[in-house]
Amino acid sequence: MKGITLTRYLIEEQRAAAHIEGDLRLLVEVVARACKAISIAIGKGDLAGVLGNAGTGNVQGEAQKKLDVISNEILLEANEWGGHLAAMASEEMEKPYAIPHRYPKGEYLLLFDPLDGSSNIDVNVSVGTIFSVLRCPEGVAEPGEHHFLQPGTRQVCAGYAVYGPTTLLVLTLGNGTHCFTLDREMGSFILTEENLRIPEDTREFAINMSNQRHWEAPVRRYVDELLAGKPGPRGKDFNMRWVASMVADVHRILSRGGIFMYPRDAREPDKPGKLRLMYEANPMAMIVEQAGGAATDGNRRILDVQPDGLHQRVAVFLGSRNEVQRVSAYHGP
Ligand code: AHG
Ligand code: MN
Ligand code: MN
C-alpha cells in the first residue's frame, strides 16, 4: 500500500479490519491536518515571529514557548467542532478541555503533547506532536479528569508527528505502526513505510548523561556496562545519541533500533520521572509495542500502569526489546 494517502489508508483499513469507525477516521484526519498547520508555523520560524517564550507557565511549572501555545490552540480549534470528540486534554492545560456546547459531541477522548522538545524550538532542531486516543466511558456526556484515567492498553490510536528535515506522521490504530511523509506540494501525508519493526538488539542508547549522578542503582549499573564497551561485560561497543526531543529520539529508534531512557532520579524525589504518562509515555509505548519493541517504567509495562492523574509522570525505558528487558531485569522482579 506504500504511496497511498493517509485518507486512502484509513478508508482501506476501515473496510478491511472494521475496527475503525468513521469518527475515528475523521479524528485522525483532523489531527493530521492540525499537524500540517503546526509544521507550517514551525517552518516559518522567526519570519512569523513564532520563536521565543510566551511569557506564561503551564501546570508543570515550565515556561511556555510561543509555539507550545500556538500548537495547543491549533489542535483545540481543529478538533472541537467535528463532533468526533467528547473532550480533550493537553500538556499545556491543567484541566480537560470541554467541547463547547454549540458543537455536537462524539465518543472519543483526545490527549496530546502539542509541541514536544520545546527546548529545541529556538535552535532549529527537530520537535514534534504526540497524541493518544481513548474511548469516553459509555453514558458519560460531560467527561471529567477521572474519565481520562484509563491505562494505555485502552488506547484505540496513538501517533506522533516529527517536524524534522521532513515532516512525518507515525501512527498506530492497533494494527502495526506505519509512517507517512508530508508531501508539501500536495498537502497530503503519503504512506512511506508500513509495519515498522524495531530490531530486538541494538548498539545504541539514548539518555541524558548529565543526570548520571542522580540515577538509581539499576540504571547506573546498566549504563556503566554499556559505557564499558568491548572489554566490559557486554563485550561490544555502544554508541549514544540524545536529541532532547522525545519524538526525534523515538523516531530514530523506530528507524534503526536503540533504547531510550528517562529514568526517575533524585533531583525531584517526589516525582516518578520527567515524562508524562498520558500524552508522552503511553502513546509512545503503544507505537513501540506495535513495532515489536518494549516499553516499561523499570518495573511494569507502561501500558499497564493505572493512571491517577492527568499530568502524572513516569520513568520510561523503551525500544529494542532485549535491551529494555535487560534494564528492567536490573530493577528486580
Ligand atoms: P516537552 O518539550 O513536551 O516538555 O518535552 C520535553 C521532554 C522530551 O521531549 C525529552 O525527551 C526530554 O524532555 C528532554 O529532557 P532533558 O532536557 O532533561 O534532557
Ligand atoms: Mn514532551
Ligand atoms: Mn510539550
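Let us look at the structure shown here. Predicted model only: the values in this text are computed from it and were never measured. (Residues numbered from 1 in each chain as written. Chains lettered and ligands numbered in written order. Predicted model: local features only at pLDDT ≥ 70, side-chain atom pairs only at ≥ 80, totals over all residues. Heavy atoms only, no water.)

## Comments concerning the site of ligand 1
- Lining the immediate environment of ligand 1, one finds 18 residues, of which Asp116, Ser118, Asn208, Met246 and Tyr262 sit closest.
- One nitrogen or oxygen atom from the side chain of Glu280 is found 3.5 Å from an oxygen atom belonging to ligand 1.
- Contact with the protein chains hides 87% of the accessible area of ligand 1, taken as 480 Å² for the molecule alone.
- Elements with a contribution of two residues or more to the shell around ligand 1: strand E5 (108-116) and strand E13 (259-262).
- A per-element tally of the shell around ligand 1 places E5 first, with 3 residues.
- Here the residues of the shell around ligand 1 sort into 7 nonpolar, 4 polar and 7 charged. (Near = heavy atom within 4 Å. Polar contact = N/O pair within 3.5 Å; in protein donor to acceptor, adjacent residues only side chain to side chain. Areas by Shrake-Rupley, 256 points an atom, 1.4 Å probe, with all protein chains shown as cover. Helix = DSSP H or I, 4+ residues; strand = E, 2+ residues; numbered from the N terminus. Nonpolar A, V, L, I, M, F, W, Y, C, P; charged D, E, K, R; others polar.)

## Points about the pairing of strand E8 (residues 167-172)
- For E8, the buried fraction is high: 6 of the 6 residues fall into the buried class.
- With burial as the criterion, each face of E8 is covered, one bearing Thr167, Leu169 and Leu171 and the other bearing Leu168, Val170 and Thr172.
- Pairing analysis gives 6 bridges linking strand E7 (residues 157-163) to E8, with the strands arranged antiparallel. The partner of Tyr160 across the bridge, within E8, is Val170.
- Hairpin remark: E7 followed by E8, antiparallel, with 3 residues in the connecting loop.
- Hairpin geometry of E8 and strand E9 (residues 177-183) is characterised by an intervening segment of 4 residues between the two adjacent antiparallel strands and by a positive phi of about 90° at Gly174. (Buried < 20%, exposed > 50% of the residue type's maximum accessible area, 1.4 Å probe, protein only. Pairing = 2+ DSSP bridges.)

## Focus on the coordination of the manganese ion (ligand 3)
- Coordination sphere of the manganese ion (ligand 3), protein contribution only: Glu91 (OE), Asp113 (OD) and Leu115 (O), at 2.1 to 2.2 Å.
- Here the donor residues of the manganese ion (ligand 3) are spaced in sequence according to E-x21-D-x1-L. (Donors = N, O, S within 2.8 Å, 3.2 Å for Na, K, Ca; no water.)

## Focus: the coordination of the manganese ion (ligand 2)
- Coordination of the manganese ion (ligand 2) by the protein involves Asp113 (OD), Asp116 (OD) and Glu280 (OE), with metal-donor separations of 1.9 to 2.1 Å.
- Donor residues for the manganese ion (ligand 2), ordered by position in the chain, follow D-x2-D-x163-E.
- Between the manganese ion (ligand 2) and the manganese ion (ligand 3), a spacing of 3.7 Å is present, and a bridge between the two is formed by Asp113. In this pair, Asp116 sits in strand E5 while Glu280 sits in helix H7 (residues 277-290), placing the two residues 164 residues apart along the sequence. For the residue pair Asp116 and Glu280, the accessibility class agrees, reading buried in each case.

## Here we look at the side chain of Ser126
- With respect to the helices, strands and loops of the structure, Ser126 is situated in the loop between E5 and strand E6 (127-135).
- In this structure Ser126 touches Asn120, Val162, Tyr163, Gly164, Pro165, Ser245 and Ala248, once residues within four positions along its chain are discounted. (Contact = heavy atoms within 4.5 Å.)

## Quick look at the sheet that holds E13
- Sheet architecture is open: 5 strands sit in the order E12-E11-E13-E15-E14, paired in mixed fashion. Of all strands in the sheet, those with a lone pairing partner are strand E12 (239-240) and strand E14 (294-296), marking the two edges.
- Strand direction decides the pairing type here: strand E11 (residues 204-206) and E12, joined by 2 bridges, are parallel. Across the sheet, the residue bridging to Phe205 is Met240, located in E12.

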